[in-house]
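# Overview (structure and organization)
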Amino acid sequence: MKEEVEEVCFQPSYESKSLLQFVKDKGDIPEHLLDDLEKNALFKTIDSHQEIYALLPFEQNSKNQLIVIYEKGAYLIDRTVSFTIRKFVKETLGFDWDLYNKALKRVFKSDIREIPIATTNFSLISFGKQKECTTSWINPRQIVRIEEKSASDLTVISLSNGVSLKINCYTPCIYHKMQRAFLIQGIMKREDELEELNPLTYLSDYLDIQSTPATKNVLDFQRCEDIPGEFGEFTRYYRNLKRKKARAKKKRQDKSL
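None of the values given here were measured: they were computed from a predicted structure.

Below, the discussion takes up the overall build of the protein chain. When you go through the protein chain residue by residue, the secondary structure sums to eight helices and ten strands. Across the protein chain, contacts joining residues at least 24 apart in sequence account for 62% of those joining residues at least 6 apart. Roughly 13400 Å² of accessible area belongs to the protein chain as shown, and the carbon and sulfur atoms make up 47% of that amount.

Below is the structure:
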């Protein structure tokens, strides 16, 4: 029975499962992506130049690893999902993970419990508690369909590259996660541009998101004026928090002398 709360999501037992068996249990993965997983050696980090479609944690012999799925490829990373997420935010976006979360909460003026990851080009939404090693992340702009057969079945999310994933989360909850991710992507893109943003531009056009049954349900009638805050607000909050953290660190260091 699925829980009707945002944080509770599918956390299967991976122990002693082969990689391919785990992937098949998790959903439907095209054969060429399965071939990639069989052939590729372990990597230490994700490719930040490609758009990520999904991050799926995998555990075998008590070791946590991560399956990374792109449009036309997939491989295994010898790192936990929580470590990889923090590293991605630091190296790709240039942000400290905790400060990134705090700054966005201030822009939204709300104590949001789940913060999606967003670049100017795509975003990732989490399914599971974000600090746990069993949490999956999915790219909402690549979601084509969301199918919920009954209250006792897992919801199936179908991506544009043919991947289908089983998630223990109600459809309205998934839509809510998608909407928040698109708004945060809008914040990141607005911070990165010099031209004044037209508030009446449709959010789907601004973010270049293809219309699918899933994205249409979320983005219909959403405009840029719906993006929280204003230009420069996130950056201002982030810098203030970073300075505050640096002062606190220096104060602790001075006390230890």
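Structure's up, so let's keep going.
Bringing the state of the cysteines into the picture now. In this structure the tally under the stated criterion is zero disulfides. Considering cysteine sulfurs only, Cys169 is the nearest to Cys173, which forms no disulfide, with 3.2 Å between them.

For the structure on display, the rule yields seven salt bridges. Lys216 is the partner of Asp220 in a salt bridge, and the nearest nitrogen-oxygen pair spans 3.5 Å. Take Lys216: its relative accessible area is 44%, and that puts it in the partly exposed class.

Summed over the entire model, instances satisfying the criterion amount to nine aromatic pairs. Considering the side-chain rings of Phe88 and Phe122, the 6.4 Å spacing of their centres and the 45 degrees angle between planes classify their relative orientation as tilted. Placement of Phe88 in helix H3 (residues 81-93) and of Phe122 in the loop between strand E5 (117-118) and strand E6 (123-127) is noted, with a sequence separation of 34 residues between them. Accessibility assignment for this pair places Phe88 and Phe122 in one class, buried. A centroid spacing of 6.1 Å and a plane angle of 25 degrees characterise the contact between Phe95 and Tyr100, whose relative ring orientation is stacked. A single burial state applies to Phe95 and to Tyr100, both of which are buried. Looking at Arg223, its charged tip hangs above the ring of Tyr202, at a distance of 4.1 Å from the centre.

Our focus in this paragraph is unusual backbone geometry. Generally, phi is negative for residues other than glycine and the peptide bonds are trans, each holding for most cases. The residue Lys109 is not glycine, and still its phi comes out positive at about 55 degrees. With respect to the helices, strands and loops of the structure, Lys109 is situated in the loop between helix H4 (97-108) and E5. The class of Lys109 is exposed, set by a relative accessible area of 63%. You will see that Phe221, though not glycine, has its phi angle at about 75 degrees, which is positive.

As a further point, take the nonpolar core. Here is a general trend for soluble globular proteins: nonpolar side chains tend to be buried in one another's company. If you look at the biggest cluster of nonpolar residues, it comprises 73 residues, and the most contacted ones within it are Ile52, Ile69, Tyr100, Ile117, Met178 and Phe234. When residues of this core are assigned to their parent elements, the largest contribution, ten residues, is made by helix H5 (residues 171-192). In this structure, Met178 is in contact with Ile125, Pro140, Ile143, Ile146, Ala214, Thr215 and Val218, ignoring residues within four places of it in sequence.

To continue, consider the environment of Trp97. With respect to the helices and strands, the residue Trp97 is situated in helix H4. Under the relative-accessibility criterion, Trp97 is labelled buried at 8%. Counting along the chain gives ten residues from Trp97 to Lys87, while the straight-line C-alpha distance between them is 8.4 Å.

In this section: H4. The end-to-end C-alpha separation of H4 is 17 Å, in line with the 16 Å expected for twelve residues at 1.5 Å each. Along its buried surface, H4 packs onto H3, E5, strand E7 (136-138), H5 and helix H8 (233-256). The opening residue of H4 is Asp96, an N-cap whose side-chain oxygen sits 3.1 Å from the backbone nitrogen of Asp98. One or two steps after H4, the chain reaches Lys109, where phi turns positive at roughly 55 degrees.

Quick notes on the rules
- Numbering of residues starts from 1 in each chain and follows the order in which that chain's sequence is written.
- pLDDT decides what is reported in this predicted model: residues at 70 or higher carry local features, side-chain atom pairs at 80 or more are listed and counted, and totals for whole chains, interfaces and linings draw on all residues regardless.
- The side-chain quantities take in all heavy atoms of the structure and omit both hydrogens and water.
- Comment: elements are numbered from the N terminus, with helices defined as DSSP H or I runs of at least four residues and strands as E runs of at least two.
- Residue contacts follow a heavy-atom distance rule, with two residues in contact if any of their heavy atoms lie within 4.5 Å.
- Using the Shrake-Rupley algorithm and a 1.4 Å probe, accessible areas are obtained, with residue cover drawn only from the displayed protein chains.
- Any two cysteine sulfur atoms lying within 2.5 Å of each other are counted as a disulfide.
- One speaks of a salt bridge when a side-chain nitrogen belonging to Lys or Arg is within 4 Å of a carboxyl oxygen belonging to Asp or Glu.
- Three labels apply to residues, based on accessible area from a 1.4 Å probe with only protein chains included: buried if under 20% of the type maximum, exposed if over 50%, partly exposed otherwise in between.
- Any Phe, Tyr or Trp ring, taking Trp's six-membered ring, that has another such ring centre within 6.5 Å forms a pair; planes under 30 degrees apart are called stacked, those over 60 apart edge-to-face, and the others tilted.
- Here, a charge over a ring is recorded when the distance from Lys NZ or Arg CZ to the ring centre is within 6 Å and its angle to the ring normal is within 35 degrees.
- Residues belong to a common nonpolar core when they are buried Ala, Val, Leu, Ile, Met, Phe, Trp, Tyr or Cys residues joined through side-chain atoms within 4.5 Å.
- What a helix should span is 1.5 Å times the count of its residues minus one.
- Think of a polar contact as two N or O atoms within 3.5 Å of one another; within protein, one of them needs to be a possible hydrogen donor and the other a possible acceptor, and neighboring residues in sequence only count if both atoms come from side chains.

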